[in-house]
Amino acid sequence: MTTTVTGTREAWLSARLALLEEEKELTRRSDEIAEHRRQLPWVKIDKQYQLQTDAGIVPLSALFRGRSQLLVYHFMFGTDYTAGCPSCSSIADGFNGIFVHLENHDVAFWAVSRGPLVKLQQFKKRMGWTFDWASSAESDFNHDFNVWFTPEEQVNGGIEYNYRREPPMPEPLAETVQQWELKGSEGPIAQIASMTGTDVATYTRDRPGVSSFALHGGEIYHTYSSYARGLDGLWGMYQWLDRAPLGRNEEGVWWRHHDRYGV
């Protein structure tokens, strides 16, 4: 928790000007890193991914919709989920006002999840979202881009997420929501998993991420992916909280689906 310090307006201004130099340096460094992202080599995609959309089953190329660039948010909504991940949902709450600007700047935008399309459509309606959302349930898309893993990979230490290999998950893998409740307590991951109607193992086989693609000469290229804390900059509420007097001021999992506060 941030320690409160009081002082004069003059003392505040002096401290603020010193902080301003740090913020400017951070901005300059961020610009440099953005340039480094653009310098990554492009990797041609040879696999023919088929995705389920409101318009039917389409190839990955159809998601570009005449644009040369595509941004995909890998939304955690597995086949067994009853609701989307609340963290991904909080990030997605910021998509509605953004995607129209991207689309008018030669950038297509989609969320993609493994969940069945009908579940995604129902949850999208519940949340009041209008951005495009596709299901990759019948393809290897999520697995190939390291945002979904098999139970066997989970048990045997075969998960490589955020460019790191994870240790095997201890057994037993599955604990139901009811079992957590009977134990009388739950950790943060279990708490979030329960909001999606799943157990810890099922919930954590899906992961969040963002990937960028380019369409050039009729070929699709993968240009960038980021995961875990690499998504912080896309999580709008945290950018605001970082500027609030008490900052993030967190103790455990406090966020919910936006229609579940006070319930």
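Note: the structure precedes this text.
Residues numbered from 1 in each chain as written. Predicted model: local features only at pLDDT ≥ 70, side-chain atom pairs only at ≥ 80, totals over all residues. Heavy atoms only, no water.

## Digging into the pattern of salt bridges
Should the charged atoms of two oppositely charged side chains come close, the side chains can pair. This is how it is decided: Basic side-chain nitrogens of Lys or Arg form a salt bridge, by our definition, when they fall within 4 Å of a carboxyl oxygen of Asp or Glu. Numbering goes from the N terminus for both helices and strands, where a helix is a DSSP run of H or I of at least four residues and a strand is a run of E of at least two. Each residue is assigned to one of three classes by its accessible area relative to the maximum for its type, calculated with a 1.4 Å probe on protein chains only: buried under 20%, partly exposed between the two thresholds, exposed over 50%.
Applying the stated criterion across every chain, the model contains 16 salt bridges. Measuring nitrogen to oxygen at the nearest pair gives 2.8 Å for the salt bridge that ties Asp259 to Arg126. Of this pair, Asp259 sits in the segment after helix 10 (236–241) while Arg126 sits in helix 4 (residues 117–127), placing them 133 residues apart in sequence. With its nearest N and O atoms 2.6 Å apart, the salt bridge here joins Asp232 to Arg229. For Arg229, a relative accessible area of 62% puts it in the exposed group. Three or more residues joined by partner-sharing salt bridges are found here, namely Arg229, Asp232, Asp242 and Arg248.

## A look at the packing of aromatic side chains
Put simply, the rule reads: Any two of the Phe, Tyr and Trp rings considered here, Trp counted by its six-membered ring, make a pair once their centres fall within 6.5 Å; the pair's planes then place it as stacked at under 30 degrees, edge-to-face at over 60, or tilted in between. Placement of a charge over a ring requires the Lys NZ or Arg CZ to be within 6 Å of the ring centre, with the centre-to-atom vector within 35 degrees of the ring normal.
Tallied over the full model, the rule gives 27 aromatic pairs. Judged by centre distance (5.9 Å) and plane angle (55°), the ring pair of Trp129 and Trp133 falls under tilted. Trp129 sits in the buried class, given a relative accessible area of 6%. Among the aromatic side chains, those forming a connected cluster through ring pairs are Tyr73, Phe75, Phe77, Tyr81, Phe95, Phe109, Phe123, Trp129, Phe131, Trp133 and Tyr203. Cation over ring: Arg9 sits above Trp12, and NZ or CZ is 4.5 Å from the ring centre. The ring of Tyr238 has Arg248 lying over it, and the distance from NZ or CZ to the ring centre is 4.1 Å.

## Let's talk about the nonpolar core
Heads up, the rule is: Only buried residues count toward a nonpolar core, which is a set of Ala, Val, Leu, Ile, Met, Phe, Trp, Tyr and Cys residues joined through side-chain atoms within 4.5 Å.
Formed by 30 residues in total, the largest nonpolar core has its most connected members in Tyr73, Phe75, Phe123, Trp129, Phe131 and Trp133. Those elements that provide at least two residues to this core are helix 2 (86–92), strand 5 (107–113), helix 4 and helix 8 (188–195). Ranked by size, the runner-up nonpolar core spans 17 residues in total, among them Val58, Leu63, Phe141 and Phe145.

## Digging into unusual backbone geometry
With a phi angle near 65°, Asp106 is a residue other than glycine that sits in the positive phi range. Note that Asp106 resides in the loop between helix 3 (96–103) and strand 5. Not every positive phi belongs to a glycine, and Asn146 is a case in point at roughly 60°. Among the secondary structure elements, Asn146 is positioned in the loop between helix 5 (141–144) and helix 6 (151–156). The exposure class assigned to Asn146 is partly exposed, which follows from its relative accessible area of 28%.

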